[in-house]
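Descriptive analysis of the structure
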Amino acid sequence: MTRLGFSSRTALFASAAILALGSAANAQVQEQQAPPQEDQSATDADGGEIIITAQKREEKILDIPQSVTVVGGDTLERTHAVTFQDYLSQVPGLSMDQSTPGVGRLVLRGVNTGGVSSTVAVYVDETPFGSSTGLVNGAVLAGDFDTFDISRIEVLRAPQGTLYGASSLGGVLKFVTNTPQLGEFGARGRAGLEFVDGGGTGYNVNGVVNAPLGDVAAFRGSGFYRKNAGWIDANGADANFLGIPTLEGKDINEGEVWGGRGSVLLKPTPELTVRLTAIAQQIESNAPSSVEVDQDDYDPINGDLRQTVYFRQPNELKYRLYNGVIEYDFGFASLLSSTSFGSSDQTFVLDAVPILGTGLNFLFGSLNPGGPLAGLKLTNQIIGPFQDQQTDVSKFTQEVRLASPSNDTLEWMLGAYYTHEEGKIDQFI
C-alpha cells in the first residue's frame, strides 16, 4: 500500500462530529424563576441567595432580567459531572454534537450556523476562550474544562453581544473558579474508579489546597488526572476497502485528561484586589466515540459498538489560560482591569480511506483507467489516504470596566475591550 501525501494550509476546515454520545448527570439546576437552592458557590455570603456575575457584576440571580441557569460546584462534584456531556442535559436549550473528547459543537437555543464560527461564547472567569472568528474551528473546539474545584457554571441564553462579543449569538457558558480564601488553610482530595459494561476500566484522582500567604494574600492550587475507559472495538481484518487491511483492537476510544490550576489573591487594602490565575489542561483520546449503525433503524450493526478503521485516529488538545485581574472600589463605582492570554492547540489524525480512497486510487493509483487520465497515475499500488491536522489559536485580551454598584434605581457600566488573535490550520493528506 502506498501512502500518498500532499501538504496544504487552510483556515476554513471544520472537523465533522459523527455521533454525539450523551451521559445525563443528575445535576441540580438553579433557574432564574425557581426558588434558591442549597448548592452555593464558594464565594456566596448568604446561604439563601445565589450570587452570579452573568452581567459582569455581582448580582442575585433572581434580580437578573435574563434567562440564566446556574449549576453549582457542589452539585457538579457530587454527581462527578466533569465534562459538557455530563451536565448539558440539565441546562434547558443547551445541546452538543460531539464524537471526540474536547471536540464538540455547543448549540444554545438551537442557534447554529453549521460552519466553523462559534455561536456560544465560553468564558473562564474574565477570560474568553477559543477563537472569536470563523476561521480557526472555534465552533467545534469549545473549551471543555474539567469542573473540579469550580464554584459554578453560568449559562446565559439569548444574544450577549454587548458584554461578551460577536461569538455569543446563542448565549454564553461561563466557568467561575473558586477564589483563594484569605487567612484559611485547607486541603482535600478525591479518587474514583469506574467500570464500563462491555468496555474497560477508568479512574480519576483530584486534589486542591488553599494556603494563606501572610495576612493579605492567599494561594489556591488544584490538579487532576482522569483515565477515560474505552468501550468501542475496532473490526478485524475481515473488513477491507480496496484491499487495505483494517485495524483490530478493543476499547480503542480510551483516553486521558489531566491538568491543573493555580491562583494567587492579593488584597493589600479593603478597596484593592489583585488576582493572578494560570490554567493548563490536556485532553487525549485514541479514537472517536462513534459507531457504525444500520441506516434503516440506526441500531449498531450486529448489535455491537464497533468501528471499521484503516488508520489510528488519535486526538490531542492543549489548553493554556493566563489571567490577571485588578479591581479597585471607589465607592461610587468599581474599576476592573482584566488582562488575559489563552491558547488552544489541537492535533489529530483522520482516517480518510472511506472518504478519499476511491477517488485517489482512480486518479493516481491502481484504479486509474489509463487513456486521458494516464498522465495522473503515480503508482500501481493501492493508495491509503489519511489526514494529519494541527490547529493553533492564541489570543490576547484586555478589558477595562467602570461599573456602578448593583441597586434598584440606576445601574451603569462603561468599558473598553481589545483583543488580538492569531490562528493557523496545517493539514497534511
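Residues numbered from 1 in each chain as written. Predicted model: local features only at pLDDT ≥ 70, side-chain atom pairs only at ≥ 80, totals over all residues. Heavy atoms only, no water.

Here we look at the confidence of the model for the protein chain
In the predicted model, the protein chain carries a mean pLDDT of 84, and the fraction of residues at 70 or more is 88%. Taken as a whole, residues 3-48 scores under 50 in pLDDT and shows 130 contacts with residues more than four places along the chain or in a different chain. (pLDDT = per-residue confidence, 0-100. Contact = heavy atoms within 4.5 Å.)

Examining the packing of aromatic side chains
Scanning the model with the defined rule gives twelve aromatic pairs in all. Ring centres 6.3 Å apart and planes at 40° place the aromatic pair Phe84 and Phe175 in the tilted group. Placement of the pair is Phe84 in helix 2 (residues 84-87) and Phe175 in strand 11 (residues 171-177), with a sequence separation of 91 residues. Judged by relative accessible area, which is 1%, Phe84 ranks as buried. By relative accessible area, Phe175 is classed as buried at 0%. (Phe/Tyr/Trp six-rings, centres within 6.5 Å; stacked < 30°, edge-to-face > 60°. Helix = DSSP H or I, 4+ residues; strand = E, 2+ residues; numbered from the N terminus. Buried < 20%, exposed > 50% of the residue type's maximum accessible area, 1.4 Å probe, protein only.)

Brief notes about the environment of Thr339
The topology assignment puts Thr339 in strand 22 (residues 334-351). For the pair Thr339 and Gln398, spaced 59 residues apart in sequence, the C-alpha separation works out to 4.7 Å.

Some thoughts on the nonpolar core
General note: in soluble globular proteins, nonpolar side chains tend to be found buried as a group. In terms of nonpolar packing, the biggest core is built from 32 residues, with Phe84, Leu106, Phe145, Ile153, Leu173 and Phe175 touching the most fellow members. Going through the elements one at a time, helix 2, strand 6 (94-100), strand 7 (103-108), strand 8 (120-124), strand 10 (150-157), strand 11, strand 19 (272-285) and strand 21 (315-329) are the ones with two or more residues in this core. Not counting residues within four places of it along the chain, the set of residues in contact with Phe145 comprises Val82, Val124, Phe129, Phe175, Ile279, Gln281, Tyr319 and Leu321. Ile52, Ile64, Leu156 and Val172 belong to the second largest nonpolar core, which has twelve residues in total. (Core = buried A, V, L, I, M, F, W, Y, C linked by side-chain atoms within 4.5 Å.)

Quick word on the pattern of salt bridges
Overall, the coordinates contain 13 salt bridges when judged by the stated rule. Residues Asp146 and Arg226 are paired through a salt bridge, measuring 2.4 Å at the closest nitrogen-oxygen approach. Note that Asp146 is positioned in the loop between strand 9 (127-129) and strand 10 and Arg226 in strand 14 (residues 217-228), a separation of 80 residues in sequence. Just as Asp146 is buried, Arg226 falls in that class too. Between Arg220 and Asp149 there is a salt bridge, with its nearest N and O atoms 2.9 Å apart. (Salt bridge = Lys/Arg side-chain N within 4 Å of Asp/Glu carboxyl O.)

Some details on the side chain of Arg105
By the secondary structure assignment, Arg105 is in strand 7. Despite its burial, Arg105 pairs with no opposite charge, the nearest such side chain being Asp97 at 5.1 Å. Here Asn112 takes part through its side chain, which lies 3.5 Å from a polar atom of the side chain of Arg105. Setting aside anything within four residues of it in sequence, one finds Arg105 in contact with Ser95, Met96, Asp97, Asn112, Gly114, Gly115, Ala139 and Val140. (Lys, Arg positive; Asp, Glu negative; His and termini not counted. Polar contact = N/O pair within 3.5 Å; in protein donor to acceptor, adjacent residues only side chain to side chain.)

Brief notes about the side chain of Asn204
With respect to the helices, strands and loops of the structure, Asn204 is situated in strand 13 (residues 201-212). Accessibility expressed as a relative area gives 17% for Asn204, which makes it buried. For Asn204, the contacting residues outside a window of four places in its chain are Arg190, Ala191, Gly192, Tyr225 and Arg226.

A word on the pairing of strand 21
With 14 bridges joining them, strand 19 and strand 21 adopt antiparallel strand pairing. Bridging across to strand 21, Leu272 finds its partner in Tyr328. By the bridge criterion, 15 bridges tie strand 21 to strand 22 in an arrangement that is antiparallel. Of the residues in strand 22, the one forming a bridge with Ile326 is Ser337. In this structure, the hairpin formed by strand 21 and strand 22 is closed by a connection of four residues, where Gly331 is found at a positive phi of approximately 100°. (Pairing = 2+ DSSP bridges.)

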